[in-house]
Amino acid sequence: MLILGIESSCDETAAAIVEDGRRQLSSVIASQVEEHRIYGGVVPEIASRRHMEAISGVVEEALRQASITPDRLDAVAVTYAPGLIGALLVGVNFAKGFSLSQNLPLVPVHHLRSHVAANYLAHPDLKPPFLALIASGGHSHIVLLKDYTDYKIIGRTRDDAAGEAFDKAARAMGLPYPGGVFIDRLAAEGDPKAFSLPRPKVEGSPYDFSFSGLKTAVINLLHNARQTGTELNTADLAASFQGTVSEILTDHLMRAAEEYNCKTIVAAGGVSANSGLRRALTEACQQSGRTLYCPPLSLCGDNAAMVAAQGYYEYLAGVRGDSSLNGYPTRSVELG
Ligand code: KG4
Ligand code: ZN
């Protein structure tokens, strides 16, 4: 079964063709990151405009690279939530028009579910049930998947998402947007034990996260150093911050794995590209005899192959959209 996936929830316009949810025939991504970088973050209005300009060409290119004509497709899957509403609507409306004109079923896909599905493209043996950590720019969730479309949230952030904390800490350090990747690079030259940073816990909710205090601690250290004219080693600070975030995510995930008796662990979302987090997860899974799956770096960030992959399983579960399909800036991953 051939599915065209479309993604436009944030600052990447993407289209891809995937066969049976597992085999990527093409994947095209038009990134706007350079343009948003001058503003230090994504400007929603600019994002929507760039999606509108790029979407037709990106879809055409995905079909061309896969050597597929639209009549050979079996369905169109599109990210419809969560994300920037103006950005989402570009993909949703394009997908509605395309599916109507080609007489194809339309499958709405939740963005966080598609991040998990990035792993299906890289790991043919991976099947639910498993426990997943989804860490992106907007969300940090620990979820239990009983099946491809059966999600239960075990833990979530109470304030900043992990990626958001990376981006804000990076900005305070004077690093470019998106900060996570630049902290990762700088951290490679630093000592993760140089600074002792807070590890906030959420009272009564051992699997929930709170990253805003940690982010503020980094900002305060930088402000104090600036005010007192003290030299501060930002590589050490980046390494300490990355190490602390990685430990918190790994620690909560492993506790949940223990409690829910999960032997298979999956990492997903932009932050799953972080080298410190991948190291911490690999070690923890090795020590506890669990199997870890991480997406390849090329599939950690936003792309449409993961949308088509999850779209396949949503299609099999009977999920369909029609011309009334809307986009939603927030929506629980449990609802899909
Ligand atoms: O999943 P994603 O591409 O988009 C959302 O759905 O939000 O995640 C983007 C987030 C950004 O906050 C970015 O800084 C972070 O993922 N990120 C990283 C790394 N690469 C991307 N964070 C830490 N280390 C990285 N190597
Ligand atoms: Zn994403």
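Being a predicted model, the structure only gives us computed values, none of them experimental. (Residues numbered from 1 in each chain as written. Chains lettered and ligands numbered in written order. Predicted model: local features only at pLDDT ≥ 70, side-chain atom pairs only at ≥ 80, totals over all residues. Heavy atoms only, no water.)

Caption draft 1: Region of interest: the site of ligand 1. Close to ligand 1 lie 19 residues, the nearest being H115, G137, D167, D184 and N274. Taking H115, its side chain carries an N or O atom lying 2.9 Å from an oxygen atom of ligand 1. N274 places a polar side-chain atom, nitrogen or oxygen, 2.9 Å from a nitrogen atom of ligand 1. When ligand 1 is considered free in solution it has 550 Å² of accessible area, and contact with the protein chains removes 85% of it. The pocket occupied by ligand 1, as judged from atoms lying within 2 Å of grid points, is the largest pocket. Only α4 (111-122), α5 (162-172) and α6 (179-187) provide two or more residues apiece to the shell around ligand 1. Looking at the shell around ligand 1, you find at least three residues from each of domain 1 (2-116 + 299-316) and domain 2 (127-298). (Near = heavy atom within 4 Å. Polar contact = N/O pair within 3.5 Å; in protein donor to acceptor, adjacent residues only side chain to side chain. Areas by Shrake-Rupley, 256 points an atom, 1.4 Å probe, with all protein chains shown as cover. 1 Å grid on protein atoms, 1.4 Å probe; cavity = no way out; pocket = protein on both sides within 12 Å on 5 of 7 lines; lining within 4 Å. Sits in = over half its atoms within 2 Å of the grid points. Helix = DSSP H or I, 4+ residues; strand = E, 2+ residues; numbered from the N terminus. Domains from an automatic or database assignment.)

Caption draft 2: Representation of the coordination of the zinc ion (ligand 2) within the structure. Within the first shell, the zinc ion (ligand 2) binds the protein through H111 (NE2), H115 (NE2) and D302 (OD), at distances of 2.0 to 2.1 Å. All donors of the zinc ion (ligand 2) belong to a single chain; written as a sequence motif, their spacing is H-x3-H-x186-D. Taken together, the residues span a long stretch of sequence, with H111 in helix α4 and D302 in the loop between β10 (291-293) and α10 (305-316) at a distance of 191 residues. Residues H111 and D302 agree in their burial class; the two are buried. (Donors = N, O, S within 2.8 Å, 3.2 Å for Na, K, Ca; no water. Buried < 20%, exposed > 50% of the residue type's maximum accessible area, 1.4 Å probe, protein only.)

Caption draft 3: Expanded view of the packing of aromatic side chains. As enumerated under the stated definition, the model contains 10 aromatic pairs in all. For the ring pair F94 and F98, a centre distance of 6.2 Å and an interplane angle of 20° mean the geometry is stacked. Taken together, the residues F94 and F98, both in helix α3 (residues 85-102) and four residues apart, mark about one turn of the helix. On the numbers, 5.6 Å between centres and 15° between planes, the contact of F209 with F211 is stacked. For F209, a relative accessible area of 0% puts it in the buried group. A residue is classified by how much of its surface remains accessible, and F211, at 0% relative accessible area, is buried. An aromatic cluster of three or more residues is present, and its members are Y120, F130, Y148, Y312 and Y313. Here R320 stacks its cationic end above the ring of Y315, 3.8 Å away from the centre of that ring. Across from the ring centre of Y328, 5.9 Å away, lies the NZ or CZ of R331, which sits over that ring. (Phe/Tyr/Trp six-rings, centres within 6.5 Å; stacked < 30°, edge-to-face > 60°. Lys NZ or Arg CZ within 6 Å of the ring centre and 35° of its normal.)

Such coordinate-based values are descriptive only and should not be taken to indicate function.
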